[in-house]
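Now for the letters of each chain:
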Amino acid sequence: MTEQYYGAEAMPASLCRFIPAARHVAGLALLAVLAGCQHYAPNSAPDRDSTEAQTRAEMQRLQERSANRTMAPSQIRIATGGITQPDGALCRDWLDACWERGAGVAPAAAGTPGLARLPRPDGAQTFRGVLPCDDVAMGCRGQRVTLTLFENETFRGHVVYLNNDGSESQPAALQGCWARDAGEGRRLQLTLGNGASLGHYLAESVNTLVVLPPDDRPGNLRVTLTRQPDAELMGGMPPAGRCRT
């Protein structure tokens, strides 16, 4: 039997039977799609034993662990691996008594980062200058002096006399000890190995030694020795403690 509708053509019964079946299939497909959307929705709760549930639980544990380790910016400390050194460990120039106190300190090992190397002045400081010949009996117009101070409180030096006839003498070697004045750390006393005094010097700056007059008598002539960029070792650093005082 075919149903009749006014204003419309008759619909075959077979088509009517097909439509409910098609709707049923389409409904199942839609449910499957919705089920899939629900499974992957970010706010849905996955099965307890599923891989997704285990992954979410592990991520939650990592986030909680990270949150517990969070520190205020003022509490953050950057590891330096021993590079940072206290200011008291620095010895910036030879004018300070830390220079001789640190004598014999082993140099930084090869490959040590630059920031990890404690700044220390070189273990030898060389000064040069021309001193006047104060005594006429010396028969010279000047003395060209080279003096090297070593960090173990010893020194080496040599003197070349500039003769009145224009010639020069052979270098005369000097060796002895130096010490800082107890009351003035920049005032140095030099003593030869036999105990004779070689005078007093004032370290006016890291580059200048002023030769002081005997007994600190004021003089009209300012005599200085100037530090050289490269040390002249003259046989190397002598053993310490060889001066008789």
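Below you will find a few notes about this structure. Since the structure is predicted, the reported quantities are computational estimates derived from the model, not experimental observations. (Residues numbered from 1 in each chain as written. Predicted model: local features only at pLDDT ≥ 70, side-chain atom pairs only at ≥ 80, totals over all residues. Heavy atoms only, no water.)

**Here's the deal with the state of the cysteines**
Okay, step 1: In the structure shown here, the tally under the stated rule is two disulfides.
Okay, step 2: Each sulfur in the disulfide pair Cys133 and Cys140 lies 1.9 Å from the other. With the S-S dihedral at roughly -115°, the linkage between Cys133 and Cys140 falls on the left-handed side. Considered together, Cys133 and Cys140 belong to a single accessibility category, that of buried residues. (Disulfide = S-S within 2.5 Å. Buried < 20%, exposed > 50% of the residue type's maximum accessible area, 1.4 Å probe, protein only.)

**Quick notes on the pattern of salt bridges**
When the charged atoms of two side chains with opposite charge come close together, those side chains can pair.
Okay, step 1: Tallied over the full model, the rule gives four salt bridges.
Okay, step 2: Among the salt bridges present, the one from Glu100 reaches Arg180, with a minimum N-O distance of 2.6 Å. Taken as a pair, Glu100 in helix α3 (residues 98–101) and Arg180 in strand β4 (residues 172–180) lie far apart in primary sequence, 80 residues in all. (Salt bridge = Lys/Arg side-chain N within 4 Å of Asp/Glu carboxyl O. Helix = DSSP H or I, 4+ residues; strand = E, 2+ residues; numbered from the N terminus.)

**A word on the environment of Ala179**
Okay, step 1: One can find Ala179 in strand β4.
Okay, step 2: Expressed as a C-alpha distance, the spacing of Ala179 and Gln189, which sit 10 residues apart in the sequence, is 5.4 Å.
Okay, step 3: Once you skip the residues sitting within four places of it in the chain, Ala179 turns out to touch Glu153, Arg187, Leu188 and Gln189. (Contact = heavy atoms within 4.5 Å.)

**Examining the pairing of strand β5 (residues 187–192)**
Okay, step 1: Burial within β5 is extensive, with five of its six residues counted as buried.
Okay, step 2: Across five bridges, the pairing between β4 and β5 is antiparallel. The residue bridging Cys177 from the neighbouring strand is Thr191, located in β5.
Okay, step 3: The turn joining β4 and β5, which pair antiparallel and follow one another in sequence, is formed by six residues.
Okay, step 4: Bridge count between β5 and strand β6 (residues 197–205): four bridges; the pairing is antiparallel. Each residue of the ladder has a partner; that of Thr191, found in β6, is Ser197.
Okay, step 5: Between β5 and β6, which pair antiparallel one after the other, the connecting turn spans four residues, and Gly195 there sits at a positive phi close to 95°. (Pairing = 2+ DSSP bridges.)

**Brief notes about the nonpolar core**
Looking at soluble globular proteins, one finds that nonpolar side chains tend to be buried together.
Okay, step 1: In terms of nonpolar packing, the biggest core is built from 21 residues, with Trp94, Leu149, Leu209 and Leu225 touching the most fellow members.
Okay, step 2: Counting only elements with at least two residues in this core, the list comes to α3, β1 (124–131), β2 (140–150), β3 (154–163), β5 and β6. (Core = buried A, V, L, I, M, F, W, Y, C linked by side-chain atoms within 4.5 Å.)

**Things to note about the side chain of Glu100**
Okay, step 1: Relative accessible area serves as the criterion here: at 14%, Glu100 is assigned to the buried category.
Okay, step 2: In this structure the side chain of Glu100 is engaged in a polar contact, spanning 2.6 Å, whose partner is the side chain of Arg180. (Polar contact = N/O pair within 3.5 Å; in protein donor to acceptor, adjacent residues only side chain to side chain.)

**A short note on the environment of Gly193**
Okay, step 1: When you line up the elements, Gly193 lands in the loop between β5 and β6.
Okay, step 2: Sequence-wise, Gly193 and Leu174 are 19 residues apart; in three dimensions their C-alpha atoms are separated by 8.6 Å.

**Topic: the layout of surface pockets**
Okay, step 1: Estimates place the volume of the largest pocket at around 500 Å³.
Okay, step 2: Considering the residues around the largest pocket, the lining is formed by 18 residues, among which Asp134, Val211, Leu212, Pro213 and Pro214 are closest to the centre.
Okay, step 3: Residues that form the lining of the largest pocket fall into these classes: 11 nonpolar, five polar and two charged. (1 Å grid on protein atoms, 1.4 Å probe; cavity = no way out; pocket = protein on both sides within 12 Å on 5 of 7 lines; lining within 4 Å. Points joined across faces, edges and corners; volume = space filled by probe spheres on them. Nonpolar A, V, L, I, M, F, W, Y, C, P; charged D, E, K, R; others polar.)

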